Amino acid sequence: MSNPKGFEPVQRRRERKRDSGVFSLEGLVLPAGLLLFWFLSTRSGAATVLPPPEKVFSVLLAPGADIASSGSLLWNIYVSLVRVLLGLLAGIAIGTPIGFLMGSSVFSRRALYLVTELARPLSPLALLPLSIIIFRDTTLTKVLGLTYLRYSRHIFNEVQLGMIFVLFWGAVFPVILDTMHGVRGIRNTHYEVARVSGAGKWFTFTHLMIPASLPDMLAGYRMAMGRTWMVIIAAEMLPGTNSGIGYLLRYSYTITRYDVMLACILIIAMVGAVFSKGLADMGEARLTLRARER
Amino acid sequence: MGAAIQLLEVERRFRENGGELHALGPVTLSVAPGEFLCLLGPTGCGKTTLLRILAGLDAPDSGRVIISPGPARGKIGYVFQEGALFPWLTALDNVAFPLRAMGKSKHEARTRAEHSLYEVGLQGFEASHPHQLSGGMRQRVALARGMVADPDVLLLDEPFSSLDAETSRKLQKMLRQLVSGLSATVVFVTHNTEEAVYLGHRICVMGNRPGTIIRDETLEVEGERDRLSSAFTELLRSFKG
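Just so it is clear, the structure is predicted and the values come from calculations on it, not from any experiment. (Residues numbered from 1 in each chain as written. Chains lettered and ligands numbered in written order. Predicted model: local features only at pLDDT ≥ 70, side-chain atom pairs only at ≥ 80, totals over all residues. Heavy atoms only, no water.)

Q: What is the right way to look at the overall build of chain B in this model?
A: Broken down by element type, chain B carries seven helices and nine strands. Relative to the 2.2 N^0.38 estimate, which gives 18 Å for 241 residues, the radius of gyration of chain B is 18 Å and therefore close to what a compact globule would have. Viewed in the frame of its principal axes, chain B has a C-alpha envelope of about 45 × 45 × 40 Å. The buried share among the 241 residues of chain B stands at 51%. Considering only residue pairs separated by 6 or more positions, chain B has 70% of its internal contacts joining residues 24 or more positions apart. Between the averaged position of the 27 positive side-chain charges in chain B and that of its 28 negative side-chain charges there is a distance of 4 Å. (Helix = DSSP H or I, 4+ residues; strand = E, 2+ residues; numbered from the N terminus. Rg over C-alpha atoms; globule rule 2.2 N^0.38 Å. Buried < 20%, exposed > 50% of the residue type's maximum accessible area, 1.4 Å probe, protein only. Contact = heavy atoms within 4.5 Å. Lys, Arg positive; Asp, Glu negative; His and termini not counted. Charge placed at Lys NZ, Arg CZ, Asp CG, Glu CD.)

This is the structure in structure tokens:
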């Protein structure tokens, strides 16, 4: 359809405005203002704890450079991301089947709901010391038996099982609960359609239960991803490791490299935003499909 | 020739809040192959319960249900009241669902589903999702899904009750034409007398609590039914009275 410029129907203009999403010109005003304030305050001669922005940006612009023999920014981000990914995958791999079980069988729900509800509010970080005691310094290198890697700088050396367990704890409950809700939300009529169609158990599982609960499952994964990112930063600031972006953040504080510290904060924020945005887009299409039907 | 559907002293009770609701029965009924039977009755008279028992979605507390030729996968088509389409599937895949469930190849299922959609007048809407279709179109998809496997018995549970009068009449006419081309035995549940008189070869009126058949009549009118004819009005009056 071609409308002469300026004659766009009012209705559509409104819709476009509503759909403008997270990023907009107006949204940039506040960050730009803060940046300016920061810049001016470090210029004004007044004593300030903050390093000037250009120093922070120079750290960000050289992400491959080693920082106080703790590895580069990139290396530490990489370490944190790999840990998060493994913890998240463990949470998804274990939480999804449990969620399906609890969603589809009254017995499993009764048997597991109490434990889930009691364990869920327990902060994953509270388990870190215990986790370190249990898993000691076991790393992926040890588990895989790749002893020749032990003294090299390899990612496997940085993946401590204790850390992964804590992340798993942060991820598994949102996955379980959302999957369970998704499965429980499947309409009875849809099951009956499958039944009168002569669908077997496996077909019903793959062609009804999975697609019907997928929006909730994805919502759970998204929640888990956000939570593991929060947990890893805090976990890396605690004893038990000397790598990762959280570790670098804390270490730079200790050695008063506040420029590095601020750079770390910015990176953590950006990665978190990318995480939630990416998964939001993924879930959106199917979520709206289902919302429209109800 | 034997009956396609036979019900012998079928009864169903529901237990709720400590009490017991005698929903159905005893119902004894025999439906001939190819017959178009309308189960007519007020809301809550157990007609849906009866249909669900026929479909195997519910089991009677006592009595026997015989559906010949034997219970086989895909031999029963069922059209639900509304909202029974899968929102994540396209119209085509919704219709193909029973065939896929029976283990037919994707190609065969799609080809047959395409034909089925064509028959209900929805060619061109294969790729649409249910939320993109109107209520009437959704029920057409549901009809196509019920008939796609060429069932011996077609069961319909008030499929047009949520539609406006005009759409409903259009679909009634279409259903008549479609069914006349099939060999299926049809049981059509409705609370709408006019719909029953327009569609049925035979009308069983059900009474309330417990639901039993209080009137069973085979209609004489053959061929295309004219809603404006005096014979039609006469029939309508006799059932409404």
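Q: Would you mind going over the interface of chain A and chain B with me for this structure?
A: Size of an interface: often given as the accessible area lost when the parts come together. On the side of chain B, 22 residues touch chain A, which itself brings 21 residues to the contact. The contact between chain A and chain B buries some 2,000 Å² in all, and 66% of this surface belongs to carbon and sulfur atoms. On inspection of chain A and its partner chain B, the count reaches one salt bridge. Put simply, A:Glu192 and B:Arg52 hold a salt bridge, and the shortest N to O gap is 2.6 Å. Secondary structure elements with two or more residues in the side of chain A that touches chain B: helix H9 (188–196), helix H10 (201–237) and helix H12 (258–293) of chain A. When residues of the side of chain A that touches chain B are assigned to their parent elements, the largest contribution, seven residues, is made by H9(A). Here the residues of the side of chain A that touches chain B sort into nine nonpolar, six polar and six charged. (Buried area = accessible area lost by both parts, 1.4 Å probe. Salt bridge = Lys/Arg side-chain N within 4 Å of Asp/Glu carboxyl O. Nonpolar A, V, L, I, M, F, W, Y, C, P; charged D, E, K, R; others polar.)

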